Amino acid sequence: MGDRGPDSAGLAVFGPPVEGGRRRFNLYAGRESISWPQLVDSARHDVSHDIDLQARDNHAVLTSSAEPARIRGWLAANYPRLHLLSVGRSIDLFKDTGHPRQLADKYAFNKLAGTHAVGHTRMATESAVTPAHAHPYTAGEDFCLVHNGSLSNPNSIRRKLEKRGIHFETDNDTEAACRFLEWRMSEGDSLENALEKGLVELDGFFTLLMATADKLVLVRDAFACKPAVAAETDAYVAIGSEYRSLAHLPGIEEAQIFEPRPERIYSWNVSSSLAG
Amino acid sequence: MERVVEPGRMTMRDSTSPSATALPVASPPETRVIEWDLARPGKSVRALNQWLHHDAPRDAAGSCIRVLNPNGQHHIAAGLNAPLEVEIAGHAGYFVAGMNQLANVTVAGNVGWSVAENMMSGTVRVKGCASECAGASGHGGLLVIEGDASSRCGISLKGLDIVVGGSVGHMSAFMAQAGTLTVCGDAEHGLGDSLYEAVLYVRGTIHGLGTDAREEPLTSADVEKLASLLGRAGFNYDPKSFKRIGSARTLYHWHIDSSHAY
């Protein structure tokens, strides 16, 4: 997977949703050394008693029934250098600089389980190589997006969204697409409807692969400037930029393999029996 | 070392044959198959291509070179310059059989972007579908895609003949200068945009011609040419069922009325 972009990588995995009103907050400490137990103690004291945390190296999943705005605000005030990677009931997210193989080892990707996942390996073209610039990008809850391509109008989208009080974390073009779509969904659009507006609004080259708690959605720009290939079997759907990243999947010989058409929105529902 | 399969062994592997007992007559006994398994250590695409460029023309003359486990890898059998027979047993990635000269390359699967790009001569046959830019800038020879080809098929064509059994995607034959693109199925929008002297034949529906491309009457010379191309490609369609698309040549010279466009 790293042949195309060895500089940074990421993976979002959607697992069974956490019970009740709780959410999973994925935290990333980067090169900072952090005492996770101390963070839990302070958070229990300041925010809510209902705080659990599972840490692995510089990554932790905090689970709580506290409101996301509350957690976000508390983290910003007390741990300003800690990065909140994702919020949701189902999503876990890992991203970092380095070769995908290093990430896979570091975060034990082979132990992860879930109904669907979105991975990315980056070859940076328009903004810095940092963990925050790695994909997948997230916005809102249980939503992530990866992008192959480059947008030519991310700044105008950004200005439009910032006026509405939407906060950006990086100067990356993909983040503009991610926050635009999440803004449309927060206004009541389905992801597919949001994408129809995105096809009008987003100028540039893109193959976008997105996931929510119960969907996997793919779209390519009108010119099909960036590649994509999909494989469907009775057991799974797999999407990649190139067939060679799918070639080793079980049962690929019997898969229905096709190239997604430009500007067509492909949407796969994750069955609830699997998600439960 | 590549694994050499004796003729008798090879025929046993032929899945299209009804039974092993019927085979000795069906298969030319003199055809030797040399297998190159890309999954084996030291058998990378680079090693394969170096062998095909340097030693294979001497060592594999008259043999069929079968490439196993291509798994969508790029550049397989690119840059050949000898009358070799190469069969790729599975899906290939980008630039497969690129710049081909003299060789006959068959892919028993799908191919990624730019199959046979800039090919000069010989034959490249894809038994599945091709991704974008198939035959881009090809100068000569024959490229057959038995399934569909996606966008920009035959872009900047310079003399190659392309025959597509299925349909082609948008902006196919963009700026095609010489050669032919024959499409047995449909063509997406922008077909033949900014066409020069290449000629396009389409049997199905054309979802929009590009700028300066126009439908022209099918001549008896076209029918003869099509019959030959379809025959070589192995498609049994009536040549008269195709439409001919050529250049209206209105973009060849600067026109003062276009000045507002700049």
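Bear in mind the structure is a predicted one, so any value in this text is a computation, not a measurement.

1. Considering the overall build of chain B
When helices and strands are counted, chain B shows five helices and twelve strands. Within chain B, buried positions represent 46% of all 262 residues.

2. Here's the deal with the interface of chain A and chain B
Taken together, the contact pairs nine residues of chain A with 13 residues of chain B. Here the side of chain A that touches chain B is composed, by residue class, of six nonpolar, no polar and three charged.

3. Considerations on the packing of helix α5 (residues 173-186) of chain A against helix α6 (residues 191-201) of chain A
Residues and elements named next belong to chain A. Relative orientation of the contacting elements α5 and α6 amounts to 130°, with a least axis distance of 9 Å. Taken together, α5 and α6 sit at an angle that is classed as oblique. Where α5 crosses over α6, the two elements pack in a sense that is right-handed. Counting all contacts with α5, which are made through A177, F180, L181, R184 and M185, the residues of α6 involved are L191, A194, L195, K197, G198 and E201. For the contact of α5 with α6, the class distribution of residues is seven nonpolar, one polar and three charged.

4. Structural notes on the sheet that holds strand β2 (residues 23-28) of chain A
Residue and element names in this part refer to chain A. Pairing within the open sheet is antiparallel, and its four strands lie in the order β3-β4-β2-β5. The sheet is open, and its two borders are formed by β3 (51-56) and β5 (83-88), each paired with just one other strand. Across this sheet, the average inter-strand angle for adjacent strands is 20°, counted without regard to direction. Two strands pair when backbone bridges link them, and β2 and strand β4 (residues 59-64) are joined in this way by six bridges, in the antiparallel orientation. Looking at the pairing, L27 lines up with A60 of β4. Sheet contacts for helix α1 (residues 36-46): β3 and β4; angle to β3, the most-contacted strand, approximately 165°. Running at roughly 170° to β5, helix α2 (residues 68-78) makes contact with β2, β4 and β5 of the sheet.

5. Looking at the sheet that holds strand β12 (residues 229-232) of chain A
All names here are of chain A. Overall, antiparallel pairing links the three strands, which are arranged β13-β12-β14 in an open sheet. Each edge of the open sheet is held by one strand with a lone partner, namely β13 (237-240) and β14 (256-258). Sheet twist, expressed as the average angle between the axes of neighbouring strands with direction ignored, equals 15°. The pairing of β12 with β13 spans four bridges and is antiparallel. Note that in β13 the partner of A231 across the bridge is A238.

6. Quick notes on the pairing of strand β10 (residues 204-212) of chain A
Residue and element names in this part refer to chain A. The buried count for β10 comes to seven of nine residues, which makes it a mostly enclosed element. Judged from the nine bridges that link them, strand β9 (residues 143-151) and β10 form a sheet pairing that is antiparallel. In the strand pairing of β10, L151 is matched with G204. The pairing of β10 with strand β11 (residues 215-220) spans six bridges and is classified as antiparallel. Bridging across to β11, M210 finds its partner in V217. In textbook terms, the turn of a hairpin is the stretch between consecutive antiparallel strands, and for β10 and β11 this stretch comprises two residues.

7. Things to note about the environment of A211 of chain A
Residue and element names in this part refer to chain A. With respect to the helices and strands, A211 occurs in strand β10. On a C-alpha basis, the gap between A211 and D142 in space is 7.8 Å, while along the polypeptide they are 69 residues apart. In this structure A211 touches A12, F14, H116, V118, C144 and L216, once residues within four positions along its chain are discounted.

8. So, the pairing of strand β7 (residues 116-122) of chain A
Residue and element names in this part refer to chain A. For β7, the buried fraction is high: six of the seven residues fall into the buried class. For strand β1 (residues 8-14) and β7, the ladder comprises seven bridges, and the chain directions are antiparallel. The partner of A9 across the bridge, within β7, is T121.

9. Focus: the nonpolar core
Ranked by size, the top nonpolar core spans 70 residues in total, and within it A77, V96, A134 and L143 of chain B carry the most contacts. What A134 of chain B contacts, discounting residues up to four positions off in sequence, is V115, A116, L143, I145, A149, C153, G154 and I162 of chain B. Residues Y137, C144, C178 and L202 of chain A belong to the second largest nonpolar core, which totals 50 residues.

10. Focus: the confidence of the model for chain A
In the predicted model, chain A carries a mean pLDDT of 94, and 98% of its residues have values of at least 70. Between the elements of chain A, mean pLDDT differs from a low of 47, seen in helix α7 (residues 272-275) of chain A, to a high of 98, seen in β2 of chain A.

11. Describing unusual backbone geometry
If a residue is not glycine, its phi is most likely negative; likewise, a peptide bond is most likely trans. In this structure, the amide linkage connecting H135 of chain A to the following residue, P136 of chain A, adopts the cis form with an omega of 0°. For P136 of chain A, the position within the fold is in the loop between β7 and β8 (137-138). A positive phi is found at A224 of chain A, a non-glycine position, where the angle reads about 55°. Within the secondary structure, A224 of chain A is located in the loop between β11 and β12. Of the residues examined, A224 of chain A has 23 C-beta atoms within 10 Å and is grouped as buried. Positive phi outside glycine occurs at A77 of chain B, with the angle close to 55°. Structurally, A77 of chain B can be placed in the loop between β3 (64-68) and β4 (85-89).

Reading guide: rules and limits
- Residues numbered from 1 in each chain as written.
- Chains lettered and ligands numbered in written order.
- Predicted model: local features only at pLDDT ≥ 70, side-chain atom pairs only at ≥ 80, totals over all residues.
- Helix = DSSP H or I, 4+ residues; strand = E, 2+ residues; numbered from the N terminus.
- Buried ≥ 20, exposed ≤ 12 C-beta atoms within 10 Å, placed from the backbone.
- Contact = placed C-beta atoms within 7 Å.
- Nonpolar A, V, L, I, M, F, W, Y, C, P; charged D, E, K, R; others polar.
- Axes fitted to C-alpha atoms, helices over the stretch in contact; angles between N-to-C directions.
- Parallel < 35°, antiparallel > 145°, perpendicular 65-115°, else oblique.
- Left-handed = near helix turned anticlockwise from the far one by under 90°.
- Pairing = 2+ DSSP bridges.
- Core = buried A, V, L, I, M, F, W, Y, C linked by C-beta atoms within 7 Å.
- pLDDT = per-residue confidence, 0-100.

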